[in-house]
There are 2 protein chains.
Amino acid sequence: MVTIYDVAKKANVSAMTVSRVINNTGRISEKTRQKVKKVMEELNYVPNSMARSLVLQETKILSLLITDITNPFYTTLARGAEDAAKQYGYRLLLCNSDENLEKEKDYVDMILSTRVDGVLFAPAGDSSREHLEKLAQHNVPFVMIDREVPGISSDMIIGNSKDGARQLVEHLIGLGHRRIALINGPHEVSTARERQAGYIEALKLNGIDEDPELIAEAGYKTFDATVLLERWLRMHDRPTAVFAANNFLAVGIIRSLRNMGLRVPDDMSVVCFDDLEHVSVLEPFLTVASQPAYSFGNMGVRLLIERIRNKGANPRKIIFPAQLIIRQSSARLPSAK
Amino acid sequence: MVTIYDVAKKANVSAMTVSRVINNTGRISEKTRQKVKKVMEELNYVPNSMARSLVLQETKILSLLITDITNPFYTTLARGAEDAAKQYGYRLLLCNSDENLEKEKDYVDMILSTRVDGVLFAPAGDSSREHLEKLAQHNVPFVMIDREVPGISSDMIIGNSKDGARQLVEHLIGLGHRRIALINGPHEVSTARERQAGYIEALKLNGIDEDPELIAEAGYKTFDATVLLERWLRMHDRPTAVFAANNFLAVGIIRSLRNMGLRVPDDMSVVCFDDLEHVSVLEPFLTVASQPAYSFGNMGVRLLIERIRNKGANPRKIIFPAQLIIRQSSARLPSAK
DNA sequence: CTGTTAGCGCTTTCAT
DNA sequence: ATGAAAGCGCTAACAG
């Protein structure tokens, strides 16, 4: 491996001079600058960023910790983060917690030992609190994205889950539905609680009684909803619509409905939080509350970098609105039902 | 920042002893081991992997260089890579070239300066050759994924594009189509050439003349196919089916068709390479040649790690078959057309 | 079983 | 404008 000393020797200067031309720092005569540059080319010299990090105490690496890299929401978010990171000269370490606190914990340790300059952190749940506190204790700046964690104060970028949920449910109510089921994410996750709050608010606002039987909790990953649906469909006043708390939950519901020979929206309306990106272009089907995922990531990295530069500033909280996109999966309830 | 020396001092041992308990290396009395461990806990000591990398000349970091992180194919591939990396104790640096050679070049420089132990490399095109050569010249192991680059010999994991394309086109022919258009990726990319070869082979095998008018080249990203489609639809013997060389191209086609008021498959059959994952569950619509994306990433990282351990071994080439999945977007041609 | 020395590749500080 | 010395946090090699 060619080092700064190899370059120095060949160019008949000191290592310090080479370092200066690499970093464009200090005063250097144009002549030696050119000479050094030439030698660097000849030797195919590439600075060792690890060595640099060690002395500078900064790695120019950011961690992107998300809970599901296969979910288009996080994928688009990652793209936004990547663009911003590249723009500001940061590298991105990818961590996928898989909605799993154990994996998250492992990644936090990895993050700590990597001495990253900051973390864009989508918490797996409220119990992520200790992980976040660990980061804080080690002075690692972070910004929470997509989800809040009670007891943690930091920069934050979240969507307005409650309002988005309310819009979605009121849309269903507007179509005549009054028996609306909620298949929610884990209560451990702030967005799930908020979405349920929005759901309940919408019911209240429209004088509909909340029925605990119609509220179920699942993970935020795809799952088999068959048993759940069978229970709901056996009810004497069965639900005519389902609000799924995220896109993958909706996918699970729809698949189960299909397997049971039921059609959407004819037999059951389905709406959900988060769009399915390209999918929805293909077959504009799912009625959703869409969030600006790219901005979550892009703004997140920007906030993070500002935080790194000024650790003392007051934490900022950015709340993006959710946008109701009405498509085919929700339909007016035939009054004779 | 607490270092190995802080721990050593507080535990009344040398730094070397601490290093030994961290790495479980050498012989240490159980007593001192416990003492050191206790002090590490008390001090919240976390080893600095940068310092470690510097002396070990190995970073335990792998680069994942893909061309489009928003494409479900690469997203699933990334997931596979992430799982394998985590399993083997490697971290993953995320690089998204965006099908752009300039960005790819930047990332290669970044990769070089990061001194990663290896790269999982999905080349943006044949011109990636110089980037790959640069890696080779610097002794950075890599395995090519998804795409080949002429002139580069290395470990490789690709899909059988030619055969997949042939299957797709023969499926259309079996449905009675004889005027089949191809909307291809850039000729600069090996998969595009292979898919075209498979398309042509299928035509030949079935005695259908190839019509250059029906072959178009685009990027591998979503695009507006309106102009192209208008040209095709004006022809006296217009195509009745389109083979899109990847999923995003298909999305572009279908969106344009919809905007023009045409329906799939009634007015035009559409098939493509690469599935749209979760999407297809939602609305099993698109007929595709599906590739095992997760395995591309997972096996890729495994190959890469083996390569790192044994740089001398012969390069291996793994070719995954493509699987034809017939859904709704392709239909039998009404004979009266 | 444990400690000392030297050095990984770089930059900061202080000289010249 | 340039260089020498020291040190970032760690471990290999050797010594005891």
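Residues numbered from 1 in each chain as written. Chains lettered and ligands numbered in written order. Predicted model: local features only at pLDDT ≥ 70, side-chain atom pairs only at ≥ 80, totals over all residues. Heavy atoms only, no water.

**Describing the overall build of chain A**
For clarity, the threshold we go by: For the purposes of this entry, the term helix denotes a DSSP run of H or I that reaches at least four residues, the term strand denotes a run of E that reaches at least two, and both are numbered from the N terminus. Throughout, the radius of gyration refers to the C-alpha atoms, and the reference size of a globule is 2.2 Å times the residue count to the power 0.38. Residue burial is assigned from relative accessible area. The probe radius is 1.4 Å, only protein chains are included, and a residue is buried under 20% of its type maximum, exposed over 50%, and partly exposed in between. The Shrake-Rupley method, run with a 1.4 Å probe, gives the accessible areas here. Residue values count only the displayed protein chains as cover.
Of the regular secondary structure elements, chain A holds 13 helices and 12 strands. Taken over the C-alpha trace, chain A has a radius of gyration of 26 Å; the compact-globule value for 337 residues is 20 Å, which it surpasses by more than 25%. Scored against the burial criterion, the 337 residues of chain A give a buried share of 59%. Here chain A has roughly 13900 Å² of accessible surface; of this, 49% comes from carbon and sulfur atoms.

**Considering the interface of chain A and chain B**
We apply this condition: A contact between two residues is defined here by any heavy atoms of the two lying within 4.5 Å. In what follows, salt bridge is the name for a side-chain nitrogen of Lys or Arg lying within 4 Å of a carboxyl oxygen of Asp or Glu. Here a polar contact is taken to be a pair of N or O atoms separated by no more than 3.5 Å, where protein atoms must pair a possible hydrogen donor with a possible acceptor and residues adjacent in sequence count only if both atoms sit in side chains. All residues other than Ala, Val, Leu, Ile, Met, Phe, Trp, Tyr, Cys, Pro, Asp, Glu, Lys and Arg, Gly among them, are scored as polar; the first ten of these are nonpolar and the last four charged.
At the interface, 51 residues of chain A touch 52 residues of chain B. Run the count over chain A and chain B and you get eight salt bridges. With a shortest N-O distance of 3.7 Å, Glu82(B) and Lys103(A) are connected by a salt bridge. The interface formed by chain A and chain B holds 21 residue pairs in polar contact (both at pLDDT 80 or more) in total. Breaking the side of chain A that touches chain B down by element, the ones donating at least two residues are helix H4 (49-56), helix H5 (72-87), strand E2 (91-96), helix H6 (101-114), helix H11 (247-259) and helix H12 (278-282) of chain A. Top contributing element to the side of chain A that touches chain B by residue count: H6(A), with seven residues. Considered class by class, the residues forming the side of chain A that touches chain B number 26 nonpolar, 13 polar and 12 charged.

**Observations concerning a nonpolar patch on the surface**
Rules: Only residues whose relative accessible area exceeds 30% and that form no salt bridge enter a patch; like-charged residues are grouped when within 9 Å of one another, and nonpolar side chains (Val, Leu, Ile, Met, Phe, Trp, Tyr) when within 5 Å.
On the surface, a cluster of nonpolar side chains totalling about 250 Å² of accessible area is made up of Leu54(A), Val55(A) and Leu56(A). Structurally, the position occupied by Val55(A) is in helix H4.

**Description of the protein's contact with DNA strand D**
We apply this condition: We call a residue near a molecule or strand whenever a single non-hydrogen atom of that residue lies within 4 Å of it.
As a matter of local geometry, DNA strand D sits amid 26 residues, with Thr17(A), Arg20(A), Arg27(A), Ile4(B) and Tyr45(B) nearest to it. If you look at DNA strand D and keep only atoms within 4 Å of the protein, 66% of those are sugar or phosphate atoms. The contact in question runs from a base nitrogen of DNA strand D to an N or O atom on the side chain of Tyr5(B), over 3.3 Å. A distance of 2.7 Å separates a phosphate oxygen of DNA strand D from a polar atom in the side chain of Arg52(B). Here the residues of the surface near DNA strand D sort into 13 nonpolar, nine polar and four charged.

**Focus on the pattern of salt bridges**
Residues and elements named next belong to chain B. For the coordinates displayed, the defined rule picks out 50 salt bridges over all chains. A salt bridge links Glu148 to Lys317, with the shortest nitrogen-to-oxygen separation between them at 3.4 Å. Of this pair, Glu148 sits in the loop between strand E4 (142-145) and strand E5 (155-159) while Lys317 sits in strand E11 (residues 317-320), and the two are 169 residues apart along the sequence. Using a relative accessible area of 45% as the deciding quantity, one classes Lys317 as partly exposed. Its salt-bridge partner being Glu170, residue Arg166 comes within 2.6 Å of it at the nearest N-O pair. With Arg166 and Glu170 both in helix H8 (residues 161-174) and four residues apart, the pair spans about one turn of that helix.

**Digging into the protein's contact with DNA strand C**
The environment of DNA strand C is formed by 25 residues, the closest being Ile4(A), Met16(A), Tyr45(A), Arg20(B) and Arg27(B). A share of 66% is what sugar and phosphate atoms reach among the atoms of DNA strand C within 4 Å of the protein. The backbone of Ile4(A) places a nitrogen or oxygen atom 2.5 Å from a phosphate oxygen of DNA strand C. A distance of 3.5 Å separates a base oxygen of DNA strand C from a polar backbone atom of Val55(B). Only helix H1 (4-11), helix H2 (15-23) and H4 of chain A together with helix H2 (15-23) and helix H4 (49-56) of chain B provide two or more residues apiece to the surface near DNA strand C.

**Side note on the relation of the copies chain A and chain B**
Counted only if it meets this: Here the copies are superposed with least squares, the fitted atoms being C-alpha atoms of residues at a pLDDT of at least 70 in both.
When chain A is fitted onto chain B, the two copies agree to an RMSD of 0.1 Å after a turn of 180 degrees and an axial shift of 0.0 Å. One copy is carried onto the other by what is essentially a two-fold rotation axis. For chain A, the minimum C-alpha distance to the rotation axis belongs to Leu93(A) and amounts to 2.3 Å. The residues that chain A uses at the interface reappear at the interface of chain B in 100% of cases, marking a shared surface.

**Describing the sheet that holds strand E7 (residues 215-217) of chain B**
Residue and element names in this part refer to chain B. What counts here: A pair of strands is labelled paired if DSSP reports no fewer than 2 bridges between them. An axis is simply a line fitted to the C-alpha atoms; with a helix, the fit covers only the stretch in contact. Between two such axes, the angle follows the N-to-C directions and lies from 0 to 180 degrees.
If you walk across this open sheet you meet the six strands as E7-E6-E8-E9-E10-E12, and the pairing is mixed. Both outer strands of the open sheet, E7 and strand E12 (323-325), are each paired with one neighbouring strand and no more. Neighbouring strand axes in the sheet, compared pairwise and without regard to direction, differ in orientation by 15 degrees on average. Judged from the four bridges that link them, strand E8 (residues 241-244) and strand E9 (residues 269-273) form a sheet pairing that is parallel.

**A short note on the packing of helix H5 (residues 72-87) of chain B against helix H13 (residues 293-309) of chain B**
Residue and element names in this part refer to chain B. This is how it is decided: Crossing handedness: left-handed means the near helix sits turned counterclockwise from the far one by under a right angle, and right-handed means the same turn made clockwise.
Axis separation between H5 and H13 bottoms out at 6 Å; the angle between their running directions is 35 degrees. In this structure, the crossing between H5 and H13 has a hand that is right-handed. In this structure, H5 uses Phe73, Thr76, Leu77, Arg79, Gly80, Ala81, Asp83, Ala84, Ala85 and Gln87 to contact H13, whose residues at the interface are Ala293, Tyr294, Phe296, Gly297, Asn298, Val301 and Arg302. Classifying every residue of the contact of H5 with H13 by side-chain character gives nine nonpolar, five polar and three charged.

**Quick word on H4(A)**
As a reminder of what qualifies: Here the arc refers to the set of directions running from the helix axis out to each C-beta atom.
Restricting attention to buried positions, one finds in H4(A) the residues Ser49(A), Met50(A) and Ser53(A). The buried residues of H4(A) occupy an angular sector of 105 degrees when the element is viewed end-on, so they sit on one face. On its buried side, H4(A) packs onto E2 of chain A together with H4, strand E1 (61-66) and helix H6 (101-114) of chain B. In this structure Asn48(A) caps H4(A), since a side-chain oxygen of it lies 2.8 Å from the backbone nitrogen of Met50(A). Where H4(A) ends, the next residue or the one after it, Gln57(A), has phi of about 60 degrees, a positive value.

**A few points about H5(B)**
All names here are of chain B. Formally: For a helix, the expected span equals 1.5 Å multiplied by the residue count minus one.
For H5, which comprises 16 residues, the first-to-last C-alpha distance of 23 Å matches the rise-based estimate of 22 Å (1.5 Å per residue) to within 8%. Within H5, 14 of the 16 residues are buried, leaving the element largely enclosed by the surrounding structure. A positive phi of about 80 degrees marks Gly89, the residue just after H5.

**Points about the pairing of strand E4 (residues 142-145) of chain A**
Residue and element names in this part refer to chain A. Stated precisely, the cut-off is as follows: Note on handedness: a crossover is taken as right-handed if, strands pointing away from the viewer, the path from the first strand over the helix to the second is clockwise.
Burial of the side chains of E4 extends over both faces: Phe142 and Met144 are buried on one face and Val143 and Ile145 on the other. Bridge analysis of strand E3 (residues 118-121) against E4 gives three bridges, and the strand direction is parallel. Note that in E4 the partner of Leu120 across the bridge is Val143. For the handedness criterion, the β-α-β arrangement of E3, helix H7 (residues 129-137) and E4 is classed as right-handed. The sheet contact formed by E4 and strand E5 (residues 155-159) spans three bridges and is parallel.

**A short note on the packing of aromatic side chains**
Working definition: an aromatic ring pair is given by the centre-to-centre distance plus the angle between the planes. Note the cut-off: The rule is short: rings of Phe, Tyr and Trp, with Trp giving its six-membered ring, pair when the centres are within 6.5 Å, and they are stacked under 30 degrees, edge-to-face over 60, tilted in between. Should the NZ of a Lys or the CZ of an Arg lie within 6 Å of a ring centre and within 35 degrees of the ring normal, that charge is described as sitting over the ring.
Applying the stated criterion across every chain yields a total of six aromatic pairs over all chains. Arranged with centres 5.1 Å apart and planes meeting at 70 degrees, the rings of Phe73(A) and Tyr74(A) form a pair that is edge-to-face. In this structure an aromatic cluster arises from ring pairing among Phe73(A), Tyr74(A), Phe296(A) and Phe320(A). One residue, Lys86(B), lies across the ring of Tyr107(A), its end atom 5.5 Å from the ring centre. The cationic tip of Arg195(B) hangs over the ring face of Phe273(B); the distance from NZ or CZ to the ring centre is 3.8 Å.

**Examining the sheet that holds strand E10 (residues 287-290) of chain A**
All names here are of chain A. Ordered by their spatial adjacency, six strands build an open sheet running E7-E6-E8-E9-E10-E12, and the pairing between neighbours is mixed. Because the sheet does not close on itself, it has two edges, and the strands there are strand E7 (215-217) and strand E12 (323-325). If you compare each strand with its neighbour and ignore which way they point, the axes differ by 15 degrees on average. Of the pairings in the sheet, the one linking strand E9 (residues 269-273) to E10 comprises three bridges and is parallel in character. What sits directly across from Phe273, in E10, is Ala289. Contacting strand E6 (180-184), strand E8 (241-244), E9, E10 and E12, helix H8 (residues 161-174) runs over the sheet at an angle of about 165 degrees to E9.

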